[in-house]
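Chains, contacts and geometry: an overview
Next come the chains, spelled out residue by residue.
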Amino acid sequence: METAKAIEIEKKKLKAVIFDLDGVITDSATYHYLAWKSLAAELGIPFDEQYNEKLKGVSRMESLELILQNGNAASKYTIQQKEALADKKNNLYKELIRQISPADILPGIAAFLQELKANQIKIALASVSKNAPFILHQLALDTMFDYVADAAAVPNAKPFPDIFLAGMQAFGLQPHNCIGVEDARTGIEAIHRAGMQAVGVGTPEEMEGAELVTTTGELRLAMVLERLGMEL
Ligand code: B16
Ligand code: MG
């Protein structure tokens, strides 16, 4: 009986927090939007902020497909042409994100990361963005992360669990000792498929299914532990 209780307590220890980047650590979505908008305008395809919402947490090539579909242009280009279009967008995006600075860290995130570090909880990044290491550098957060998943090396993008599992495996942990923090539906699904509890940053409608729905400004270790039924 006592052994069973001890196992249950062990199962709920929080040992790692695995973060999405865009929309959680910083709002790089604005720059993705501006870069895609420029490309869409060049191609004569309608594109607005509402449509941009569909691209949250979606990989670069899949985002391009969605934009082309919106203009009934998906079959107009060869794979090679699509790769060139995606490169064009990425070059513009890379220019834009050079202006990101530590002032662009979303409210509450720096304090939450400090709390995790102070309590020896591992910190990982599970962003599908191939520009994530550069953005972390611009935010002066690169030394805060114990592991940054390589988006290029992960076979299946979100909503597959691969990128969250990569973070977990890097620390040799089990899913019940890890949680994921996300701002996109596909990301919440990926966290759940990885067997972890999900913290959703956004509105209850957008973050439906997450075990805890909050804002970055409200993220505090004690609150997260209590709401997720975990402990240090
Ligand atoms: P890149 P996340 C995602 O970042 C963005 O939300 C999504 O809009 C973007 O297309 C994707 O990264 C790929 O980014 O073109 O820089 O490789 O939310 O997973 O941090
Ligand atoms: Mg995101």
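Only a predicted model underlies this, so the values are computations on that prediction, with no experimental measurement involved.

1. What about the overall build of the chain?
Of regular secondary structure, the chain possesses 10 helices and 6 strands. Taking 232 residues into account, the globule formula puts the C-alpha radius of gyration at 17 Å, and the chain, at 19 Å, falls close to it. Projected onto the principal axes, the alpha-carbon positions of the chain cover approximately 65 × 35 × 30 Å. Of all 232 residues assigned to the chain, the portion counted as buried reaches 47%. Sequence-distant contacts, at least 24 apart, represent 63% of the contacts inside the chain between residues at least 6 apart.

2. Some points on the nonpolar core
By size, the foremost hydrophobic cluster in this structure holds 38 residues, and its most contacted members are Val17, Phe19, Ile25, Leu141 and Phe145. The contact partners of phenylalanine 145, leaving out residues within four places of it in the chain, are Phe19, Ile25, Leu113, Ile123, Ala124, Leu125 and Leu136.

3. Brief notes about the site of ligand 1
Taken together, 19 residues lie around ligand 1, and Val58, Ser127, Ser129, Lys130 and Asn131 are the ones closest in. Contact between ligand 1 and valine 58: an oxygen atom at 2.6 Å from a main-chain N or O atom of the residue. If ligand 1 stood free it would expose 470 Å²; the protein chains cover 98% of that surface. Judged by the fraction of its atoms near the pocket grid, ligand 1 is located in the largest pocket.

4. Considering the environment of lysine 89
Within the secondary structure, lysine 89 sits in helix 5 (residues 79-96). Between the C-alpha atom of lysine 89 and that of isoleucine 79, which follows or precedes it by 10 residues, the distance is 15 Å. Looking at lysine 89, its side chain comes within polar contact range of the side chain of histidine 32, at 2.8 Å.

5. Quick look at the pairing of strand 5 (residues 197-201)
For strand 5, the tally of buried residues reaches 4 of 5 residues, placing the bulk of the element in the interior. Bridge analysis of strand 4 (residues 178-182) against strand 5 gives 4 bridges, and the strand direction is parallel. Paired with glycine 180 across the bridge in strand 5 is alanine 198. As for the winding sense of the linkage, the β-α-β connection from strand 4 through helix 9 (residues 185-193) to strand 5 is right-handed. Here 3 bridges tie strand 5 to strand 6 (residues 212-214), and the two strands are oriented parallel to one another. Counterpart to valine 199 in the pairing with strand 6 is leucine 212.

6. Some details on the coordination of the magnesium ion (ligand 2)
All of the protein donors around the magnesium ion (ligand 2) are Asp20 (OD), Asp22 (O) and Asp183 (OD); their distances to the metal are 2.0 to 2.2 Å. In primary-sequence terms, the residues that donate to the magnesium ion (ligand 2) follow D-x1-D-x160-D. In this pair, aspartate 22 sits in the loop between strand 1 (16-19) and helix 2 (29-43) while aspartate 183 sits in the loop between strand 4 and helix 9, placing the two residues 161 residues apart along the sequence. Residue classification places aspartate 22 among the buried residues on the basis of a relative accessible area of 14%.

7. Focus: the environment of alanine 126
As for its position among the elements, alanine 126 is in the loop between strand 2 (122-125) and helix 7 (132-138). A residue is classified by how much of its surface remains accessible, and alanine 126, at 0% relative accessible area, is buried. On a C-alpha basis, the gap between alanine 126 and alanine 29 in space is 16 Å, while along the polypeptide they are 97 residues apart. Ignoring sequence-local partners within four residues, the contact set of alanine 126 consists of Ile18, Phe19, Asp20, Ala149, Lys158, Ile163 and Phe164.

8. What about the packing of helix 2 against helix 4 (residues 60-70)?
Where helix 2 meets helix 4, the axes come as close as 11 Å, and the angle between the chain directions of the two elements is 40°. In terms of orientation, helix 2 lies oblique with respect to helix 4. Relative to helix 4, the crossing made by helix 2 is right-handed. Of the residues in helix 4, those touching helix 2 at Trp36, Leu39, Ala40 and Leu43 are Arg60, Ser63, Leu64, Ile67 and Leu68. Of the residues that constitute the contact of helix 2 with helix 4, the class distribution is 7 nonpolar, 1 polar and 1 charged.

Quick notes on the rules
- Residues numbered from 1 in each chain as written.
- Chains lettered and ligands numbered in written order.
- Predicted model: local features only at pLDDT ≥ 70, side-chain atom pairs only at ≥ 80, totals over all residues.
- Heavy atoms only, no water.
- Helix = DSSP H or I, 4+ residues; strand = E, 2+ residues; numbered from the N terminus.
- Rg over C-alpha atoms; globule rule 2.2 N^0.38 Å.
- Buried < 20%, exposed > 50% of the residue type's maximum accessible area, 1.4 Å probe, protein only.
- Contact = heavy atoms within 4.5 Å.
- Core = buried A, V, L, I, M, F, W, Y, C linked by side-chain atoms within 4.5 Å.
- Near = heavy atom within 4 Å.
- Polar contact = N/O pair within 3.5 Å; in protein donor to acceptor, adjacent residues only side chain to side chain.
- Areas by Shrake-Rupley, 256 points an atom, 1.4 Å probe, with all protein chains shown as cover.
- 1 Å grid on protein atoms, 1.4 Å probe; cavity = no way out; pocket = protein on both sides within 12 Å on 5 of 7 lines; lining within 4 Å.
- Sits in = over half its atoms within 2 Å of the grid points.
- Pairing = 2+ DSSP bridges.
- Right-handed = clockwise from strand over helix to strand, strands pointing away.
- Donors = N, O, S within 2.8 Å, 3.2 Å for Na, K, Ca; no water.
- Axes fitted to C-alpha atoms, helices over the stretch in contact; angles between N-to-C directions.
- Parallel < 35°, antiparallel > 145°, perpendicular 65-115°, else oblique.
- Left-handed = near helix turned anticlockwise from the far one by under 90°.
- Nonpolar A, V, L, I, M, F, W, Y, C, P; charged D, E, K, R; others polar.

These figures capture arrangement, not role.
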